[in-house]
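# Breakdown of the fold
Residues per chain, in single letters:
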Amino acid sequence: MSSQPNAESAVTAGRTNLSPQLLHDLRSPLNHIIGYSEMLTEEAEGQRREGFATDLEKIRAAGHRMLALIEENFTSVREALPVLVTREAELLTQADATPPSSDDVRGHLLVVDDDAANREVLCRRLERQGHEVQTARSGLDAMRILSEGAFDLVLLDIMMPEMDGYEVLGRIKSDSRLEHIPVIMISALNELQSVVRCIEAGAEDYLTKPFNPTLLKARIGACLEKKRGRDRESALFEQLQSNYERLQELERQRDDMRNMIVHDLRTPLTALIVGIEMLETDGTLSGTQQEIVAIATGGGRTLLGMINDLLDVEKLESGSAQLQYDAVDAATLVAGAVTQVAFLAEESRTTLVTEVPADLLPFPGDEKKLSRTLVNLIGNAIKFTGAGTVTVSANQESDAIRFAVRDTGEGIPAESFGRIFEKFGQLDSRRVGTGLGLAFCKLAVEAHGGRIMVESTIGAGSTFSFTIPAGVR
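Residue positions are given per chain, counted from 1 along the sequence in the order it is written. Note on the predicted model: pLDDT of at least 70 is required for a residue's local features to be given, and 80 or more for side-chain atom pairs to be given and counted; whole-chain, interface and lining totals, by contrast, use all residues. Excluded from the side-chain calculations are hydrogens and water; all other atoms, namely the structure's heavy atoms, are used.

## A look at the packing of helix H11 (residues 287-318) against helix H15 (residues 437-447)
In plain terms, the rule: Axis lines are fitted through C-alpha atoms, for helices just across the contact stretch, and the angle between N-to-C directions can take any value from 0 to 180 degrees. The way it works is that DSSP assigns letters per residue, a run of H or I at least four long becomes a helix, a run of E at least two long becomes a strand, and they are numbered from the N terminus. We call two directions roughly parallel when the angle between them is under 35 degrees, roughly antiparallel when it is over 145, roughly perpendicular when it lies between 65 and 115, and oblique otherwise. Less than a right angle of anticlockwise turn of the near helix away from the far helix marks a crossing as left-handed, whereas a clockwise turn marks it as right-handed. Every residue pair with non-hydrogen atoms within 4.5 Å of one another is taken to be in contact. Gly falls in the polar group here, along with every residue not listed as nonpolar (Ala, Val, Leu, Ile, Met, Phe, Trp, Tyr, Cys, Pro) or charged (Asp, Glu, Lys, Arg).
In the contact formed by H11 and H15, the axes pass within 10 Å of each other and the chain directions differ by 40 degrees. One element, H11, and the other, H15, form an angle in the oblique class. Seen along the crossing, H11 lies across H15 with a hand that is left-handed. Where H11 abuts H15, its residues Asp312, Val313, Leu316 and Glu317 lie against Phe440, Leu443, Ala444 and Ala447. A breakdown of the residues in the contact of H11 with H15 according to their chemical character gives six nonpolar, no polar and two charged.

## A look at helix H7 (residues 139-148)
Along an α-helix, residues three or four apart share an orientation, since each turn contains 3.6 residues. The condition that has to hold: Throughout, exposure labels follow a simple rule: accessible area from a 1.4 Å probe, protein chains only, divided by the maximum for the residue type, with under 20% read as buried, over 50% as exposed, and the rest as partly exposed.
When H7 is considered as a whole, its buried residues turn out to be Gly139, Asp141, Ala142, Met143, Ile145 and Leu146. Where H7 is buried, its residues meet strand S1 (108-112), strand S2 (132-136), strand S3 (153-157) and helix H8 (165-173).

## Notes on the sheet that holds strand S5 (residues 205-208)
Strand-to-strand pairing in sheets goes through backbone hydrogen bonds, with the strands running parallel or antiparallel. As a reminder, the rule being used: DSSP-based pairing: two strands are paired if at least 2 bridges between them are found.
Pairing is parallel across the open sheet formed by five strands, whose spatial order is S2-S1-S3-S4-S5. In the strand order of this sheet, the two ends are held by S2 and S5, each with one partner. Ignoring strand direction, the axes of neighbouring strands in this sheet form an average angle of 20 degrees. Relative to S2, H7 is tilted by about 135 degrees, and along the sheet it contacts S1, S2 and S3.

## Describing the pattern of salt bridges
What counts, and what does not: The salt bridge definition used is simple: a Lys or Arg side-chain nitrogen within 4 Å of an Asp or Glu carboxyl oxygen.
What the rule picks out here adds up to 16 salt bridges. A salt bridge links Arg177 to Asp175; the nearest nitrogen and oxygen atoms lie 2.8 Å apart. Taking the relative accessible area as the measure of exposure, Asp175 reaches 14% and is therefore buried. Note that Glu225 and Arg232 form a salt bridge whose closest N and O atoms lie 4.0 Å from each other. The exposed category is assigned to Arg232, whose relative accessible area is 51%. One continuous salt-bridge network, built from bridges that share partners, spans Asp152, Lys227, Arg228 and Asp231.

## Quick notes on unusual backbone geometry
Even without a glycine there, the phi angle at Glu162 is positive, about 65 degrees. The class for Glu162 is exposed, based on a relative accessible area of 74%. Non-glycine residue Arg349 carries a positive phi angle of around 60 degrees. Assignment of secondary structure puts Arg349 in the loop between helix H13 (342-348) and strand S7 (351-355). A relative accessible area of 66% means that Arg349 is categorised as exposed.

## Some words on the environment of Leu126
Along the polypeptide, Leu126 turns up in helix H6 (residues 116-128). Here the alpha-carbon distance between Leu126 and Leu216, two residues 90 residues apart in the chain, equals 8.8 Å. Those residues in contact with Leu126 that sit more than four places away from it in its chain are Leu109, Val111, His131, Val133, Leu155, Leu216 and Ile220.

Here it is as structure tokens:
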């Protein structure tokens, strides 16, 4: 058996011992030869100098053959990167199938490479494709230029002295002002480890020298198109954010104006009601006049109640309303609420029924707000029940007191359950009112840490209920 290494092992040894720097140094001059010959070939074809173009094509082909020999004997990237090879082939096919167009994406590009010839070859190629190009000869130079201007894409060489492409990429992606700029890494090396490292660090793509002009154009076009899409999304988001902030400011101004108007209305309205009430005590009024005064008094009180409702809802929504906690007796609370709406029940011929166990213990709560909550619920039930029955109950449930107002009215559609508790929410046009009563109930109950609910069946009535924690506050 011979002890001499065979050809295959020699190639393997060559691959193992050849340093990345030497590979880079071998491929760089080939990149110059191929790049310049391609551009000169295009110029010769444009000038119809066929013989000159033929010679240049021979030079370019020789450069590619030498590049192929280097890859075949010293690198195995084509075997290691089947996905990238397939992607490259697809991009070339798509680019070949699409004729050049004036609508191709153009951009402001920064080319970063320490080799002047590399910069010139790439810049001339990019400028021919319609891009505006600036160059940087080092990583530090690139960071300075990026901080001074706006760019759509960076083409960044990996192997540079002082600060290599990996470090520059890391600085770009860690800077909030620059991280949105896509970066295509360029290198004379086709190493899988290098590709993976760049993509994981945030690079958009990876290209090897010498560049295929069609592939270069396709890759840059794809990156610029993606950046344009991201820029449009960012601009749209910023506009939406600005509109939202403006809307919030307008809502604050509206609320401030409404509160000012409401406050200013309450004082003269109170004086008006007091004056009308004094007329009622005047013994000189005829029966018709007394009736008119009573109607005016009732209207004034209704309007004052609406204003108070609006103010209270605003306070509860903003969290500025302070609850005045006392020990509340459920039976007393229910009896007091029923008394306040008894005249409504009488006018509507509604039967009021109360169901409150005698052994319910007092619980902590704001009696005025809870009384008003019950009055609103009972009043609504009477309004939409008519000649039926409204039952008001209170029961102990675990660690809470549950109050319920059950009626035998027309019922509420299930899809309206959420809307009726909203401020100014209306069930339908037939149900007149401010739409603040149930909103107040919901906010008052939730301020106590409770929950309000509704159950209803069309034609069989509705039940509004709410729970108030019964524990010591």
